[in-house]
Amino acid sequence: MHPVRRPPLDGEDSVNDGRPGLYRRMHPVHESAGADPARPQVFRARGLTKVYGSGEAEVHALAGVDLELHAGELIVLLGPSGSGKTTLLNQLGGLDGPTAGELWYRDIDLTHADEAALTHYRRDSVGFIFQFYNLIPSLTARENVALITEIARDPMTPEAALDMVGLSPRIDHFPAQLSGGEQQRVAIARAIAKRPEVLLCDEPTGALDVRTGIVVLEAIERVNRELGTLTVIITHNAVMADMADRVIHFSDGRVQRIHANARRARPDSLHW
Amino acid sequence: MLAQLDRKLWRDLSRMKGQALAVALVMACGLAMLIMARSLIYSLESTSDAYYRAHRFAEVFAQLKRAPLGLLDRVRAIPGVALVQGGLSVQVTLDIPGLDEPASGNVRSLPEDGEPELNRLFLRRGQWFRPGGKREVLVSEAFAEANRLEPGDSIALLLNGRRQTFRIAGIVLSPEFIFESRPGAALPDNRSYGIFWLPYEELAHAFDLYGAFNSLALTLAADASERAVIAALDSLLEPYGGRGAHGRADHPSHIRVRDEIGVLRTLSVAFPVVFLSVAAFMVNAVLARLLNLQREQIAILKAFGFGNRQIVAHYLKFALVMVAAGTVFGAVGGNLLGRQLVVMYRMWFRFPDLHFIPDRSAFVLALAVSAFAAVAGVFSAVRRAAQLPPAEAMRPEPPARYRPAVLERTGIARFLSHSFRIAVRNLERRPMQALFTVAGLALATGIMIVPNCFRDSVAVVLGFQWDVTQRQDISVGLIEPQDRRARDAFAHLPGVQTVEPFRNAVARLRFGHRSRQIALQGLTRTGDHTRIIAPGTREIAPPEHGVVLSQKLAEVLGARIGDRLRIEVLEGRRLSADVPLVGVADDMAGLNAYLSLTALNRLLGEGDLVSGASFTVDPDRRTDFLRALKTVPRVGWVAIKESLRQNFEQTTAASINLIQTIYLTFATVVAFGVVYNNARISLAERSRELATLRVIGFSQREVAAVLVTELVILALLAVPCGLLLGTGFATAIVTQVNTETVRLPLVLTAHNYAFAVLVVAIASTISGFLVLRRLNQLNLVSALRAPE
């Protein structure tokens, strides 16, 4: 029903799926530099602040973040643990609201969205990939993906999504019958099956060995490349910075600096 | 060190207080029942023992036609007899101001000089007879209360046909009438039947019985044989119209008290066992979950050198805290219930002072039994956890293994939604937890069925008794059998539509070595009032040759249709005859033996006599009829169907309502508790899974649907089990009521089943809703973090 999108050729518009501008402008592969103003803006944060606790126990997890993310970018958010990067990801994913500042997803004000609006936002626009996969243990790989395709607006088939991450042969296995890398690839298939505009990955390789981690990163990179999904990967593993269009260095709840790679490294060239 | 561990215990407990409370409450239901039943047994037994002792309740009782008082010395001479009390006991009707219908009662004599030797009265209000005072009467409390009579009021007694007015001196109680009802009646009718006491001389003169007695009570010497004394007494009294002596075991009031204690004994075992089993399962589920969550903590404790024994003790303490809480709630609940039931018992049983006396040993037993149940429920889980090597315990539990549910392998998988699939597979992976929840819900459904089955069965008995077999409005009995003229007098009462005479006679029925003393009923063959219904709703006419017995009586005698029975009449000319058993009646109250009026009169050899008549009366002229009846001489008793019905509403129905309220409370607590427990555990164990669903775009409602589906599947499984279980409970309890007084048919209606299911469904829904509200608090962010 929903064939996997053909990788667009240079200069060619992606399939028009009724979401103007979203997949139109595909960027030339391995070529992006700094934030490309020509790409449509997806997220815009201004003075984004998140404070946990109060009084002496007050923790500024986000201390005024200004940021713009664009369609089709592959972003690596790099920082030590406790730097606030997960807090930022939660804000982007609509899981938590800020204490101050503003956060826009296109023309939606996420800062003031209510619970129902956030649920819709997550359902239609965001794909999540977690460090510990978070598959539903009682559902097979296919069913885990189908769970999402049933509620999504314009999904691909579970089979197509699993094929994209190379898991067709294991499609009817339960999570307990899959290795960690396979489980993470099911999680990726689950995240992309609804063709989200944004893919948020929280330490996707954190629980995996290097070889398996690279297989997972390849799957994420392929999705970003072929579907043009804005992809944000959180990691404390600096090696992964090489595969990004832009690397955001994060510490003490602030963006310390952003640098653009002249050329994205292939995941299989990474070593850690 | 241990003090710190105990601090951990309290903090952990306060985090899981909802579940601990649910377990404690289910446990409390069983313990409340245990404590209530045992305390009531203790209260009834100790109160009646003390009452019997203090007021010298006799051990052997006899009725006779008349014998000279001098015969009492020969009774005293029977070996094994201790104390003897002879006196008079006669049936009378009376005229109560403000009561349309004539009331009837039993008047007994009291010695002129001092208290009687046996069966002494307790003076509730007013005074004893004044020395030399005339026209004074003592009235039983139940009758006085029902008719709002006070000392100083007047009542008119028809003594041997003469109307005499008496002043009520005092309101009294008697150990012979703790349960006060018309002889042979299953239900008390305190408004129209009472017990009265007059000085011997006054009563004897009125009935031409001076110098004689017709009622006898005695106590036995320490090592006497009751059977031998009764045999000697029977042969001594036979020439004087003795109707056969009996012991306490056949004493109508004593039987009712003893039967009630028997019911309580059943309750004190059966219900606690069931409730505590469910509670044990719940403790197991709660602790198994806690142990899973605390695997690492257990490992750390062991790494620091805590022994297995200390760890087992620590986790057993969780169970014991719940047990302690359950015992406290159970004790409070048992006390409250017991006090309520004592109020109900006071309506049925007249003791000088019936109080709820908590049975202290019941509390200890409750604590011991529930502690045993809880420890048995968790011991293996706790021991397994304690024996885990620290290194292994330190690792998180391996991921749960699932497989397609049995249901899906049948090929209907493609019709199932994902939430249904998740639910079914979860249930199959945790069959024990599912089983216990189903068992709890089934139990709740089952216990709801019992009181309604009881109510429906009683309604069927009464409907059968009052609408099918006894279709008269009013029955009237004469003091002595009379000839045709009485029949004519009855026919001329105002408002009479139909009148049917009957003849009763006390007789002993013998078959082989078994015998029963009953009243033979002679009915007109063309009659339509008292009908004899054979099994299969076929009506039988009163036989001209032979006798028809209640099925129960045939059973008691071991006789079958065609067998020849020996009838020994115990009054009049005391003739005997062998008659065939020609049919059995499917009646539900009393032991009855029917034959035709003419056949009975032939058997008695006294001519064409009647003992009374039954009437249907024009409803508009009912008051006239009753007023006129008050003036008819020699009427011994009057039974009015309508007032029996009203009386039933006030007593039996009220008691069943109380019992139903108790069962309803228990069913609600159990349904609420098990659903709460199950949902909380599901929510806790799978918070990560559920939060993940929320994060990837499921709404709260959709996530709730996963848990609700599980609960609904469990509830749907529980309903048929519960109905089956309830049918079993009801069958066990209702068919127990198969006594010579009353036999309850098993009546199970769709309405009863529907009500049980409704109550459990509502309790479960509210409980489930309370837990699902917690989905609001589900921490979405935590789903992204490492599993705990």
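As a reminder, the structure under discussion sits directly above these lines.
Residues numbered from 1 in each chain as written. Chains lettered and ligands numbered in written order. Predicted model: local features only at pLDDT ≥ 70, side-chain atom pairs only at ≥ 80, totals over all residues. Heavy atoms only, no water.

Between chain A and chain B, the contact holds 28 residues from the first and 30 residues from the second. Summing both sides of the interface, chain A and chain B together bury roughly 2700 Å²; the carbon and sulfur share of this comes to 63%. Between chain A and chain B we count four salt bridges in total. Between E115 of chain A and R694 of chain B there is a salt bridge whose closest N-O contact spans 2.5 Å. In this structure, the connection of chain A to chain B is made through twelve residue pairs in polar contact (both at pLDDT 80 or more). Secondary structure elements with two or more residues in the side of chain A that touches chain B: helix 2 (115–125) and helix 3 (141–149) of chain A. Partitioning the side of chain A that touches chain B into residue classes produces 13 nonpolar, six polar and nine charged. (Contact = heavy atoms within 4.5 Å. Buried area = accessible area lost by both parts, 1.4 Å probe. Salt bridge = Lys/Arg side-chain N within 4 Å of Asp/Glu carboxyl O. Polar contact = N/O pair within 3.5 Å; in protein donor to acceptor, adjacent residues only side chain to side chain. Helix = DSSP H or I, 4+ residues; strand = E, 2+ residues; numbered from the N terminus. Nonpolar A, V, L, I, M, F, W, Y, C, P; charged D, E, K, R; others polar.)

Moving on, we come to the pairing of strand 4 (residues 100–105) of chain A. Residue and element names in this part refer to chain A. As paired elements, strand 1 (residues 41–52) and strand 4 share five bridges and run antiparallel to each other. Among the inter-strand pairings, A45 is bridged to a residue of strand 4, identified as L103. Summarising the sheet, strand 4 and strand 5 (residues 108–109) pair through two bridges and their orientation is antiparallel. Bridge pairing in strand 5 links Y105 to I108. (Pairing = 2+ DSSP bridges.)

A few words now on the packing of aromatic side chains. For the structure on display, the rule yields 17 aromatic pairs over all chains. Between F43 of chain A and Y105 of chain A the ring centres are 5.5 Å apart and the planes differ by 55 degrees, which places this aromatic pair in the tilted class. In this pair, F43 of chain A is assigned in strand 1 and Y105 of chain A in strand 4, connecting sequence segments 62 residues apart. Across this residue pair, the class does not change: F43 of chain A and Y105 of chain A are buried. Ring centres of F672 of chain B and Y676 of chain B lie 6.4 Å apart, and the angle between their planes is 10 degrees; this geometry places the pair in the stacked category. Here Y676 of chain B and F672 of chain B lie together in helix 19 (residues 641–685), a separation of four residues that amounts to about one turn. Using a relative accessible area of 28% as the deciding quantity, one classes F672 of chain B as partly exposed. An aromatic cluster of three or more residues is present, and its members are F179, Y345, W348 and F349 of chain B. When the ring centre of F166 of chain B is taken as reference, the NZ or CZ atom of R135 of chain B above it lies at 5.8 Å. (Phe/Tyr/Trp six-rings, centres within 6.5 Å; stacked < 30°, edge-to-face > 60°. Buried < 20%, exposed > 50% of the residue type's maximum accessible area, 1.4 Å probe, protein only. Lys NZ or Arg CZ within 6 Å of the ring centre and 35° of its normal.)

A few words now on the nonpolar core. Counting 180 residues, the largest nonpolar core has F43, L69 and L88 of chain A together with M27, F666 and L693 of chain B as the members making the most contacts within it. The residues that make up this core include at least three from each of domain 1 (89–208) and domain 2 (430–471 + 641–788) of chain B. In this view, L693 of chain B contacts I136 and L147 of chain A together with F698, V703 and V706 of chain B; residues no more than four positions away in its chain are not counted. In this structure, V165, I192, I233 and A244 of chain A belong to the second largest nonpolar core, which totals 41 residues. (Core = buried A, V, L, I, M, F, W, Y, C linked by side-chain atoms within 4.5 Å. Domains from an automatic or database assignment.)

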